[in-house]
Amino acid sequence: GVKWADRLDDWFARLQERLAPLAQRIISDPGAAQTVVVVPSLSLDAEELAKVSGAHHYEERMLCMLMLLRMPRTHLVFVTSQPIATAIVDYFLHLLPGVPLRHARRRLTLLSCHDASDMPLTRKILERPRLIERIRSAIPDPATAHLTCFNSTALERSLAVRLDIPLYGNDPELNYLGTKSGSREVFREAEIPLPDGFEHLRDKDDIVQAVVELKRRNPGLRRVAIKLDEGFSGEGNAV
């Protein structure tokens, strides 16, 4: 039989085909109706995320998406782990040029998991079928809706399929290209100059061998930068 993962991939690929026509439509007519579902999930390595101070506030960084409400027929569904204070939401809505607060609020749906755990927000949503239904019911027309996230992983792909709307992001199958090693490989293949270095280091011995080789190539070398393949927010780097 057909594996569920293969069916998921096919379904997701079909959903993604809707994304470009949607974008072209809004670019040509900013007054066209659309719904943007915002899920600011930090679907990242929990151990590294714990090193970022105030990480639980990072979801609020995507409140900048509320600026989309300046377009008169745009609806926004914003989902968070915990409820956001009304004063914070109103602060953003007051920044909208020429849009009455009441008009903007009418087109904004705020939903919450009421869950402060370290689990990625997208996983929290996937484990709450009733919340998924509330998100779906807040979308006036799924044909003109899309999902936008902080980063796209298999979790966000699954949520897009559950909501039956495309994901504004790359296919998670391509995420390797965005790692430090993957990026260096892409640069090298495209013949773009890049700093001397090594990829795919897995342990202390690999790092020692790489540093020794860099020093052999450049005897005047005094310092090297070591980076986690998937560091973020300035973390995961060492000199």
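Given the structure is predicted, the values throughout are model-derived calculations rather than measurements.

(A) View of the side chain of threonine 74. Within the secondary structure layout, threonine 74 lies in strand E2 (residues 74-80). Here the side chain of threonine 74 touches glutamine 34 through a polar contact of 3.2 Å, side chain to side chain.

(B) Spotlight on a nonpolar patch on the surface. Judged by side-chain polarity, Leu174, Tyr176, Leu177, Val186, Phe187 and Ile192 come together as a nonpolar surface patch covering roughly 510 Å² of accessible area. Residue position: tyrosine 176 is located in the loop between strand E5 (167-168) and helix H9 (180-189).

(C) Expanded view of the environment of proline 83. Of note, proline 83 is situated in the loop between E2 and helix H4 (86-93). Between the alpha carbons of proline 83 and alanine 116 there is a distance of 10.0 Å; along the sequence they are 33 residues apart. For proline 83, the residues in contact, after removing those within four places along its chain, are Ser112 and His114.

(D) Here's a closer look at the layout of surface pockets. One number sums up the size of the largest pocket: a volume of about 800 Å³. Along the walls of the largest pocket sit 30 residues, with Phe198, Leu201, Ala225, Ile226 and Lys227 positioned nearest its centre. Those elements that place two or more of their residues in the lining of the largest pocket are H9, helix H10 (204-217), strand E6 (226-227) and strand E7 (237-238). By residue number, the principal contributor to the lining of the largest pocket is H10, which donates 5 residues. Among the residues making up the lining of the largest pocket, the classes are represented as 13 nonpolar, 7 polar and 10 charged.

(E) Structural detail: the nonpolar core. With 27 residues, the main nonpolar core has Val37, Val39, Val79, Ile125, Ile135, Leu147 and Leu159 as its most contacted residues. Every element with two or more residues in this core is listed here: helix H1 (4-16), strand E1 (34-39), E2, helix H6 (121-126), helix H7 (129-137), strand E4 (145-149) and helix H8 (154-163). Element by element, the count of residues in this core is highest for H8, at 5 residues. Apart from residues no more than four positions distant in its own chain, valine 39 is found in contact with Val79, Leu121, Thr122, Ile125, Leu147, Thr148, Cys149, Phe150 and Leu159. Formed by 21 residues, the second largest nonpolar core is a distinct cluster that contains Ala32, Leu68, Ile84 and Leu96.

(F) Quick look at the packing of aromatic side chains. Considering all chains together, one arrives at 1 aromatic pair under this definition. Taken together, a centroid distance of 5.5 Å and an interplanar angle of 90° make the contact between tyrosine 91 and phenylalanine 92 edge-to-face. Judged by its relative accessible area of 52%, tyrosine 91 is exposed. Judged by its relative accessible area of 19%, phenylalanine 92 is buried. It is arginine 61 that lies over the ring of tyrosine 58; its NZ or CZ is 4.6 Å from the centre.

(G) Up close: the sheet that holds E2. Read across the open sheet, the 5 strands follow the order E3-E2-E1-E4-E5; overall the sheet is parallel. Both edges of this open sheet fall to strand E3 (108-112) and E5, since each of them pairs with a single strand only. Strand direction decides the pairing type here: E1 and E4, joined by 5 bridges, are parallel. Bridge pairing links valine 37 to leucine 147 in E4. Packing against the sheet, helix H2 (residues 19-28) makes contact with E1, E4 and E5, and its axis sits at approximately 100° to E4. Of the strands in this sheet, E1, E4 and E5 touch H8, which is tilted by about 160° from E4.

(H) Just the side chain of threonine 148, in detail. Turning to its location among the elements, threonine 148 is positioned in strand E4. Residue classification places threonine 148 among the buried positions, given a relative accessible area of 6%. Excluding residues that lie within four positions of it along the chain, threonine 148 makes contacts with Val36, Val37, Val38, Val39, Met62, Met65 and Tyr168.

The rules behind the values
- Residues numbered from 1 in each chain as written.
- Predicted model: local features only at pLDDT ≥ 70, side-chain atom pairs only at ≥ 80, totals over all residues.
- Heavy atoms only, no water.
- Helix = DSSP H or I, 4+ residues; strand = E, 2+ residues; numbered from the N terminus.
- Polar contact = N/O pair within 3.5 Å; in protein donor to acceptor, adjacent residues only side chain to side chain.
- Patch = residues over 30% accessible without salt bridge, like charges linked within 9 Å, V, L, I, M, F, W, Y side chains within 5 Å.
- Areas by Shrake-Rupley, 256 points an atom, 1.4 Å probe, with all protein chains shown as cover.
- Salt bridge = Lys/Arg side-chain N within 4 Å of Asp/Glu carboxyl O.
- Contact = heavy atoms within 4.5 Å.
- 1 Å grid on protein atoms, 1.4 Å probe; cavity = no way out; pocket = protein on both sides within 12 Å on 5 of 7 lines; lining within 4 Å.
- Points joined across faces, edges and corners; volume = space filled by probe spheres on them.
- Nonpolar A, V, L, I, M, F, W, Y, C, P; charged D, E, K, R; others polar.
- Core = buried A, V, L, I, M, F, W, Y, C linked by side-chain atoms within 4.5 Å.
- Buried < 20%, exposed > 50% of the residue type's maximum accessible area, 1.4 Å probe, protein only.
- Phe/Tyr/Trp six-rings, centres within 6.5 Å; stacked < 30°, edge-to-face > 60°.
- Lys NZ or Arg CZ within 6 Å of the ring centre and 35° of its normal.
- Pairing = 2+ DSSP bridges.
- Axes fitted to C-alpha atoms, helices over the stretch in contact; angles between N-to-C directions.

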